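Residue-level structural notes
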Amino acid sequence: MIDVKDLSVSFGTTPAVRDLSFSVARGEILGLIGESGSGKSATALALMGLLPRTATTSGSILLDGEELTTASEKRLTALRGRAMAIVFQDPLQAFTPVHRVGAQIAEAVRAHQRVPRRTAARRAVELLDLVGIRDPHQRARSYPHEFSGGMRQRALIAMAIANNPGLLIADEPTTALDVTVQAHILDVLKTAQRETGAAVLLITHDLSVVARAADRVHVLKGGGTVETGPVEEVLRAPREPYTRRLVAAMEAGDRPAAPRPVRTVLEVRDLVRHHPGVKAVDGVSFDLRSGETLGLVGESGSGKTTLLMEIMALARPQRGRITVLGRDTAHVSRRDRRRIRRDLQIVFQDPSSSLDPRMTVGAIVAEPLTTHGRSPARVPELLAQVGLPAEYAARHPAHLSGGQRQRVAIARAVALDPEVLVLDEPVSALDPTIRAEIITLLEKLRAERGLSYLFVAHDLPLIRRIADRVAVMYRGRIAEIGPAHQIFAAPAHPYTRALLRASPLRDDDPVIAAGCRFRPRCPLYAELPAAPRSRCATEEPEITGDSGAACHHHPGEAP
Amino acid sequence: MSATLPDVSAPAGVPPAEPPPRMFSATGIAGLALLSFLGALAVLGPILIPWTASDRDFEAFLQPPSANHPFGTTASGADILVLTLLGLRKSLVIGLVVAVAATAVAALVGAFAGYFLGWVDRTLMWVTDLLLVIPAFLVVAVVSSGQDRWIALVVLLAAFMWMVTAKAVRGVTIAMRDREYVRAARFMGVPAHRIVLRHVIPNLASLLVADATVNVSAAILAETTLSYFGFGVVPPDVSLGSLIADGAPTALYAPWTFWWAAGLLIALIIAVNLVGDDLRDRFDPALRAPQ
């Protein structure tokens, strides 16, 4: 269907893609995997003919025998959408916010086919049905912001296949989504591919996505091909060291159990934080003991970030109690609060937004020191500890790489020798190899300084590697909490099980007023006989005793 | 907690070196040159010229440019060159001082209102709205006509120029409150007023510079307008505005009484805008970062 030969793309003097050759047959899914900067996106843009004017291209791209590199803009416009279509990473940006979803899909149909409005609208509903949107008639009349992330991604796939394209390019289609929803979207993508018989080019940085959906895989690094072959073969026996590293990163094992924790540094009891209309945090309790890492996992919207912000605010919570280092945050003076801040620091997800772009690295790392009346003379030492040369103190964050920026953020967080470090997805914005470096750094700092980490992540292999204990959040509550090896080896809550297996769960469920909030998506609930079911519908499950799972029917408890 | 890490970051690409500070663009250089030239002219001109503003040449009434009077003379025999340069001096000072003052007030009011919200915000925005609905031109005209000191005019002009910017700054600040680097500072224990001064306002610099530039032109034009209508700068002081007003009746048959002042006003505003555009680009970290 598509045949790429010796494709090279360069922006000015910087080569983005070098002598890339691959082909995708009709009905086949090729996974194109690589880190950012490996040339994946440039390849996608080259195929669609969407590269900026400044780019120079050589080589050949044949779509169904037609050369695209020399095709006129007019011809390309005609081909886009009809012969080839693309699904972007961020579906919110791909939809116009002021038009209804159904209308936008119908518009895509009418852009390439002369059909009456009515027919196009009917086709839009069919397409929404095909990608698994419940109640498609109703949903076609919704606006993009009324859809969840997963539903938007489905709708985008529906739009892409509206004209039965021969080639479907999916550029990081699941990166912005949660694990359980990711699995569902990949299934939808496969369905769409079966229905249209298209050739699919699946671009991603996530090997597990490729493992789940693709037939063949093509590993890219620095614009060139590293390895290519059928997915099972490459995953089972990677030939190149780079591929081996990627596969190893995916299959990272358990971390050894930590030495016995001594005292509780952070205690959260029945914490509640309701925003108007949203129960963001709805009764959460956990302890963090000194020297341990507690991993906090959950989908976006499960309340992880709100929970962290409540802890960091050190204010009186709406309900419940937060105790940091033995002090109840509801009853601390302003001065004590500042003192607690020395011992409780945070590292945010994206270092490019957590560092003030106007300040130099030196000033950023010095800020906590000067704020608390200490000498900034320690800055070079701190930079050395996070593996940055002292000369970097004079640079601005914009002139550092992503990994280096996160090192700066970590240096700032440990500048005051805190006891507790809150890490809000500290590596999810980084490339896999850089990610491993930062994790190594964090583990080293923890061992050296006896830090306690509250580590939020949605990357389960990572949590498995770094955490001693794991808490799984769902809709503002903790679904299950326990030692990492137990959670990973014998998950008790059906949600944890789905999360670990990355089994598909529906993502468009309604909010539940009473009873178990996981009920609408729960695979266990669906199979239960009527009598035990009623308990799920009426009674909110609590975490009881040593089981650690908030489920009425987990194994070990009689149904 | 001592030795350097063995696994010093070795990212795929060589880390980009801090580029040298960007040079001024061609238009920026042109604007800067023009502005410096006008500034030098305004400062040095009146000192070097043998005439003063109050001198009258009783042998030359309403004469076109000549060797003795390169810009010509007025109907009362005053030298237009020295008048124009004195007017330029006044307009330049008023424009710059008013613009800087108005932008500074806007930045402080907007940032504090937006950052603190609550009653601070309500109070500051009430004052802002109040000043917005007062007919500024009339107030300045009436109040300043009782004053013959130009500094009073500066204060009045600045007092009515900051409100719209303050509202824009407030809006941006509300969005910036939730930026992670602002949160990081808050969680570090940095006092709120220091967060505003150190993190919020510096990150508004490109907006503020753009605003100050517009304000220089607006202040000069406002002063010109006021002076044209006989308020603002009053004799014996002169500004470009009062000169244009004085020259307007004779502009058709004695164009030198009008066009020198008008031309310098246009040149001044163009120069300020060129420099401002360039400064805004320099202050914008997004434009400074490597692509």
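Residues numbered from 1 in each chain as written. Chains lettered and ligands numbered in written order. Predicted model: local features only at pLDDT ≥ 70, side-chain atom pairs only at ≥ 80, totals over all residues. Heavy atoms only, no water.

1. Structural notes on the pattern of salt bridges
Residues and elements named next belong to chain A.
- Throughout the structure, instances matching the rule amount to 30 salt bridges over all chains.
- The shortest N-O distance in the salt bridge between Glu73 and Arg80 comes to 3.3 Å.
- It is possible to trace a salt-bridge network through shared partners that takes in Asp282, Arg477, Arg517, Glu540 and Glu542. (Salt bridge = Lys/Arg side-chain N within 4 Å of Asp/Glu carboxyl O.)

2. Topic: the sheet that holds strand E13 (residues 293-297) of chain A
All names here are of chain A.
- Pairing is mixed in the open sheet, where 6 strands are placed in the order E16-E17-E18-E13-E19-E20. At either margin of the open sheet sits one strand with a lone partner, and together these are strand E16 (344-347) and strand E20 (477-483). The mean angle between the axes of side-by-side strands here comes to 15°, regardless of whether they run parallel or antiparallel.
- Pairing of strand E19 (residues 469-474) with E20 involves 6 bridges; the strand directions are antiparallel. Bridging across to E20, Val472 finds its partner in Glu480.
- On the sheet, helix H13 (residues 334-343) packs against E16 and strand E17 (420-424) and is oriented at approximately 55° with respect to E16. (Pairing = 2+ DSSP bridges. Helix = DSSP H or I, 4+ residues; strand = E, 2+ residues; numbered from the N terminus. Axes fitted to C-alpha atoms, helices over the stretch in contact; angles between N-to-C directions. Contact = heavy atoms within 4.5 Å.)

3. Remarks on helix H7 (residues 180-188) of chain B
Residue and element names in this part refer to chain B.
- Counting buried residues in H7 gives 8 out of 9 residues, a clear majority hidden from the surface.
- Those residues of H7 not exposed but buried are Glu180, Tyr181, Val182, Arg183, Ala184, Ala185, Phe187 and Met188.
- Just downstream of H7 lies Gly189, where phi reads positive at about 95°. (Buried < 20%, exposed > 50% of the residue type's maximum accessible area, 1.4 Å probe, protein only.)

4. Points about a nonpolar patch on the surface
All names here are of chain B.
- Together, Trp126, Val127, Leu130, Leu132, Val133 and Val164 make up an exposed nonpolar region whose accessible area comes to about 590 Å².
- Per element, the largest residue contribution to the nonpolar patch is 5 residues, and it comes from helix H3 (residues 118-133).
- When you line up the elements, Val164 lands in helix H6 (residues 163-177).
- Here Val164 falls in the exposed class, since its relative accessible area comes to 59%. (Patch = residues over 30% accessible without salt bridge, like charges linked within 9 Å, V, L, I, M, F, W, Y side chains within 5 Å. Areas by Shrake-Rupley, 256 points an atom, 1.4 Å probe, with all protein chains shown as cover.)

5. Quick notes on the side chain of A:Glu480
- Looking at the secondary structure, you find A:Glu480 in strand E20.
- Setting aside residues up to four positions removed in sequence, A:Glu480 forms contacts with A:Val470, A:Ala471, A:Val472, A:Ile487, A:Ala490, A:Pro491, A:Ala492, A:His493, A:Thr496, A:Gly548 and A:Ala549.

6. Here's the deal with the nonpolar core
Residue and element names in this part refer to chain A.
- In terms of nonpolar packing, the biggest core is built from 58 residues, with Val365, Val408, Ile410, Leu442, Phe455, Ile463 and Val470 touching the most fellow members.
- Setting aside anything within four residues of it in sequence, one finds Ile463 in contact with Gly295, Leu296, Val297, Phe455, Ala457, Val470 and Phe488.
- Ranked by size, the runner-up nonpolar core spans 49 residues in total, among them Val109, Val234, Tyr242 and Val247. (Core = buried A, V, L, I, M, F, W, Y, C linked by side-chain atoms within 4.5 Å.)

7. What about the confidence of the model for chain B?
Residues and elements named next belong to chain B.
- Of all residues in chain B, 87% have pLDDT values of 70 or greater, and the mean over the chain is 80.
- The spread of mean pLDDT over the elements of chain B runs between helix H12 (residues 285-288), the lowest at 54, and H3, the highest at 93.
- Every residue in residues 1-16 scores below 50 in pLDDT, and together they form 30 contacts with partners more than four places removed in sequence or on other chains. (pLDDT = per-residue confidence, 0-100.)

8. A word on the state of the cysteines
- Counted under the stated rule, the structure contains 0 disulfides over all chains.
- A:Cys516 takes part in no disulfide bond, and the closest cysteine sulfur, belonging to A:Cys536, lies 5.8 Å away. (Disulfide = S-S within 2.5 Å.)

9. Details of the packing of aromatic side chains
- Taken as a whole, this structure holds 8 aromatic pairs over all chains when the rule is applied.
- On the numbers, 5.0 Å between centres and 85° between planes, the contact of A:Tyr474 with A:Phe518 is edge-to-face. Residue A:Tyr474 is located in strand E19, and its partner A:Phe518 is located in the loop between helix H21 (494-501) and helix H22 (523-527); the two are separated by 44 residues in the primary sequence.
- The interplanar angle of 85° and the centroid separation of 6.2 Å between the aromatic rings of B:Phe137 and B:Phe229 together place this pair among those described as edge-to-face. Taken together, the residues span a long stretch of sequence, with B:Phe137 in helix H4 (residues 136-145) and B:Phe229 in the loop between helix H9 (205-228) and helix H10 (240-247) at a distance of 92 residues.
- Using a relative accessible area of 37% as the deciding quantity, one classes B:Phe137 as partly exposed.
- Directly above the aromatic system of A:Tyr392 lies the positively charged group of A:Arg395, at a separation of 4.3 Å from the ring centroid.
- One residue, B:Arg177, lies across the ring of B:Tyr115, its end atom 5.5 Å from the ring centre. (Phe/Tyr/Trp six-rings, centres within 6.5 Å; stacked < 30°, edge-to-face > 60°. Lys NZ or Arg CZ within 6 Å of the ring centre and 35° of its normal.)

10. Some remarks on the packing of helix H4 (residues 101-112) of chain A against helix H7 (residues 149-160) of chain A
All names here are of chain A.
- Two elements in contact, H4 and H7, have axes whose closest approach is 9 Å; the angle formed by their N-to-C orientations is 20°. Between H4 and H7, the angle falls in the class roughly parallel. Seen from above, H4 lies across H7 with right-handed handedness. In contact with Val101, Gln104, Ile105 and Ala108 of H4, H7 contributes Ala155, Ala158 and Met159.
- The class makeup of the residues in the contact of H4 with H7 is 6 nonpolar, 1 polar and no charged. (Parallel < 35°, antiparallel > 145°, perpendicular 65-115°, else oblique. Left-handed = near helix turned anticlockwise from the far one by under 90°. Nonpolar A, V, L, I, M, F, W, Y, C, P; charged D, E, K, R; others polar.)

11. Quick notes on the environment of B:Gly247
All names here are of chain B.
- For Gly247, the position within the fold is in helix H10.
- Put simply, Gly247 and Arg198 are 49 residues apart on the chain and 49 Å apart in space, counted from C-alpha to C-alpha.
- The residues contacting Gly247, other than those within four sequence positions of it, are Thr257 and Phe258.

12. Quick look at H3(B)
Residues and elements named next belong to chain B.
- An ideal rise of 1.5 Å per residue puts 22 Å on 16 residues; H3 measures up with 23 Å between its terminal C-alpha atoms.
- Those residues of H3 that sit buried are Val120, Asp121, Met125, Thr128 and Leu131. On an axial view of H3, the arc spanned by its buried residues comes to 120°, and they lie on one face. Of the exposed residues in H3, those oriented more than 90 degrees away from the buried face are Trp119, Arg122, Trp126 and Val133.
- For H3, the elements touching its buried residues are helix H2 (80-116), helix H5 (150-159) and H6. (Expected span 1.5 Å × (residues − 1). Arc of directions from axis to C-beta.)

13. Regarding the sheet that holds strand E15 (residues 327-328) of chain A
All names here are of chain A.
- With respect to topology, 4 strands assemble into an open sheet ordered E12-E11-E14-E15, the strand pairing being antiparallel. At either margin of the open sheet sits one strand with a lone partner, and together these are strand E12 (278-289) and E15.
- Pairing analysis gives 5 bridges linking strand E11 (residues 264-275) to strand E14 (residues 319-324), with the strands arranged antiparallel. Residue pairing for E14: Val268 is matched across the bridge by Ile322.
- Sitting on the sheet, helix H12 (residues 304-313) is in contact with E11, E12 and E14, with an inclination near 115° to E11.

14. Looking at unusual backbone geometry
- Although it is not a glycine, A:Glu425 adopts a positive phi angle of roughly 45°.
- Mapped onto the fold, A:Glu425 is located in the loop between E17 and helix H18 (432-449).
- Residue B:Leu117 is not a glycine yet carries a positive backbone phi of 50°.
- As for its placement among the helices and strands, B:Leu117 is situated in the loop between H2 and H3.

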